[in-house]
Amino acid sequence: MKIGCFFPNTMATPAIRMFRRLEGVFCVYKPADVHWKLVRDTIETNLLKGVNATHPQPVPREVRFLVSSSDEPGAAKGLRVSPAAVPVLSKHPLVTGPEFQQIKVGVGHRLDTSSSGVLVLAVGNGNKTLNDLYNTRITRDYTLECEFGMATHDFSHTGRVLERSTYDHISEDKLERVTAMLEGANQKALRMYSTVDMGSQEAYEMAAKGLLGPDGKSAPILTGLRCIHFQPPKFTLEVQCLNETQKYLRKVVHEIGLELRSTAVCKGVRRTRDGLFTLQDALTRHHWSAADVMEAIYKYHSSKRNQKKILFPIRESTLETSGSRLTGTHQNKDAAAG
Amino acid sequence: LDVAEEYSALEEISDEEAAGISIPANIPPASNSLRDYVDKSETLTKLVQLGVHLWKLEQRPNVGSMLLRLDFNTDVAPRLLFLKQIGVENSRLGYIITHNPFILTADLDNLQARVNYLKSKKFSSETVASMVSRAPFLLSFSVKRLDNRLGFYQQQLKLSASNTRDIVARLPRLLCGSLEPVKENLKVCEIELGFKQNEIQHMVIAVPKVLTANKKKLTQIFDYLHNTMKVPHHLITKFPQVLNTKFLRLRERHLFLEYLEKAQYDPTLARYISLDRLVSLPDETFCTELALATLDDFYLFQKTL
């Protein structure tokens with residue numbers, strides 16, 4: 001039973017060759033209200049189907065000597081031993097099972113069940129790359145669809161309603177003032193969490209390049225927050241953040257509501273970018289077959305080869321890994337909300 | 001004194017004697033897998049040639065040992081001949097044994113009695129053959145149990161005999177599984193979803209799978225159809241196949257149509273979209289005919305949900 005990472009045979013079967021082409025990192029679009037594990041399992045099943053469907057190896061044959069005793073009268077007294085090339089059934093696919101019975105598919109930063117958006121997955125060797133990627137500082141982009149007027153216990157629109165309030169007094173510039181204030185507070189937190197001494201020359205240089213920030217685990221920090229659509233009671237926010245969880249983002253929406261002396265809930269959390277992987281590269285549900293995944297991984301490998309080392313300031317989605325290329329202004333593919 | 005004859009290794013012996021020396025077989029006395037025995041056992045070899053998935057069967061406890069102990073000529077062959085006699089095709093024999101290996105140890109008289117019972121209930125021979133091919137466990141149930149189930153479907157759903165035969169022939173699984181989930185589904189349809197008896201009857205005759213569907217999925221789809229898409233009961237009864245689809249598929253198609261302002265499911269109004277076409281058409285046809293948009297637009301729209 002192969003687990004898909006160690007191949008003791010020296011001969012590479014077509015299935016193994018196909019598996020090699022599947023190793024890498026890619027991203028899918030997770031639909032809302034689907035557990036991320038279900039997505040991962042579906043992808044694994046589809047990859048197994050693809051890999052096991054390759055042309056099966058012919059069953060090896062061995063030469064055995066079949067003894068036949070002569071019953072006919074008058075036949076030669078001696079023994080007739082005839083050689084025959086007989087297939088060795090212990091290597092037959094119906095006896096050994098399919099070549100691959102499990103494939104290691106790892107998940108990047110998780111999305112909770114009610115959120116949707118870009119979810120990064122890695123196959124086989126790609127898991128190592130995924131681990132390295134997540135140890136560096138990556139920012140992610142989210143689009144939050146929110147609504148004024150309610151407060152619920154879990155900050156989403158399906159929770160138990162705790163409070164209702166009016167929102168007529170809220171205008172767009174009041175909202176912008178609040179978002180600017182939050183952004184400023186978060187920038188301050190960014191400087192606080194970085195491990196460099198604030199008064200040093202090094203800190204100044206890093207801040208000028210936009211590399212200031214926490215290393216590894218820290219509290220969630222929003223590096224960018226703005227309102228892209230305002231139509232009371234509905235409004236849409238765009239967030240760039242580090243080390244976040246989706247629940248934290250919903251809490252931020254709730255706090256914005258409180259700051260405006262009203263209440264707000266988050267109706268939808270949609271991740272539009274996770275590090276290098278954008279909405280454009282994400283595979284929708286209909287493209288989760290082995291062939292589509294192979295194409296996505298090929299694109300990823302070829303883009304890695306073409307990368308140059310470019311660093312952008314943290315304001316516009318920084319990614320600090322060696323040799324990674326960024327899109328300066330990413331395009332959001334969401335249709336106008338509402 | 002008799003000198004004991006000693007055999008030296010280099011002594012020449014005749015061919016018959018050579019073939020007659022028995023070499024102890026190279027098979028382990030106990031093993032986890034049938035791989036070690038398949039070359040030496042006639043039964044296992046013939047089963048592989050029939051297309052039985054031995055790798056699946058050896059994972060079940062006791063099945064492997066049972067298969068090894070069978071003798072092909074006395075145990076396996078008569079039952080295979082019996083299956084062929086009732087009309088099962090050769091290509092299906094492997095499938096049946098893979099899913100129900102215990103059919104090879106069932107009593108032949110019992111198997112015959114069950115087939116006779118089904119024929120007495122006016123199932124034609126071809127129907128019996130097709131039912132056995134698709135539900136390998138069918139013949140492992142006693143006559144009493146089969147009778148119980150047929151009676152249940154006929155009474156609970158108040159169907160005529162020929163309708164009962166029809167749904168059982170199309171979904172032979174109905175006779176194999178337990179009746180509890182079916183009873184629950186029927187209760188859910190009546191009480192929670194609010195369908196009338198004759199509506200449930202009509203739906204079951206059209207799509208028998210509704211009886212064995214997952215209760216949670218059924219309620220989820222119905223809730224979306226009725227409360228979000230505002231489809232009334234009588235339309236759902238007319239197109240029961242919508243209850244059989246994947247929820248995600250229904251939701252993304254409906255939201256796409258709603259975005260294009262084409263979500264109109266009332267047959268009395270203009271530009272009506274029928275529910276069965278909504279769920280059963282493949283993506284491309286759905287886009288070009290119902291939504292009047294391109295497939296790429298549909299995929300882009302999915303990324304905004």
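Residues numbered from 1 in each chain as written. Chains lettered and ligands numbered in written order. Predicted model: local features only at pLDDT ≥ 70, side-chain atom pairs only at ≥ 80, totals over all residues. Heavy atoms only, no water.

A.B. asks: Before we move on, could you go through the pairing of strand 6 (residues 140-148) of chain A and cite the residues and values that matter?
C.D. replies: Residues and elements named next belong to chain A. Within strand 6, 7 of the 9 residues are buried, leaving the element largely enclosed by the surrounding structure. Two strands pair when backbone bridges link them, and strand 6 and strand 10 (residues 234-242) are joined in this way by 8 bridges, in the antiparallel orientation. Following the sheet pairing, D141 is matched in strand 10 by Q240. In this sheet, strand 11 (residues 264-274) lies alongside strand 6 in antiparallel orientation, the contact comprising 9 bridges. Residue pairing for strand 11: T143 is matched across the bridge by R270. (Buried < 20%, exposed > 50% of the residue type's maximum accessible area, 1.4 Å probe, protein only. Helix = DSSP H or I, 4+ residues; strand = E, 2+ residues; numbered from the N terminus. Pairing = 2+ DSSP bridges.)

A.B. asks: Let's hear about the domain arrangement of chain A: which residues, and what values?
C.D. replies: All names here are of chain A. Parsing chain A into structural domains produces domain 1 (19-51 + 85-137 + 277-306) and domain 2 (139-274). One C-alpha centre belongs to domain 1, the other to domain 2; they are set 32 Å apart. Taken together, the contact between domain 1 and domain 2 spans 17 residues of the former and 19 residues of the latter. Summed over both partners, the interface of domain 1 with domain 2 buries about 1400 Å², with 39% contributed by carbon and sulfur atoms. Remark: the boundary between domain 1 and domain 2 carries 1 salt bridge. Where D112 meets R250, a salt bridge forms, and the shortest distance between an N and an O atom there is 3.2 Å. Of all the secondary structure elements, the ones that give two or more residues to the side of domain 1 that touches domain 2 are strand 5 (116-123) and strand 12 (277-278). Ranked by residue count, the leading element in the side of domain 1 that touches domain 2 is strand 5, at 5 residues. Its residues placed into classes, the side of domain 1 that touches domain 2 shows 8 nonpolar, 6 polar and 3 charged. (Domains from an automatic or database assignment. Contact = heavy atoms within 4.5 Å. Buried area = accessible area lost by both parts, 1.4 Å probe. Salt bridge = Lys/Arg side-chain N within 4 Å of Asp/Glu carboxyl O. Nonpolar A, V, L, I, M, F, W, Y, C, P; charged D, E, K, R; others polar.)

A.B. asks: Which residues make up the nonpolar core, and what values go with them?
C.D. replies: Within the largest apolar cluster, 94 residues are counted, with the highest numbers of intra-cluster contacts made by B:L67, B:L225 and B:L275. In terms of residue count, helix 5 (residues 72-85) of chain B provides more of this core than any other element does, 6 residues in total. Sequence-distant contacts of B:L67, that is, excluding residues within four places in its chain, are made with B:L34, B:T43, B:L44, B:L47, B:L54, B:L57 and B:L104. Listed in part, the 54 residues of the second largest apolar core include A:V34, A:L47, A:L144 and A:M294. (Core = buried A, V, L, I, M, F, W, Y, C linked by side-chain atoms within 4.5 Å.)

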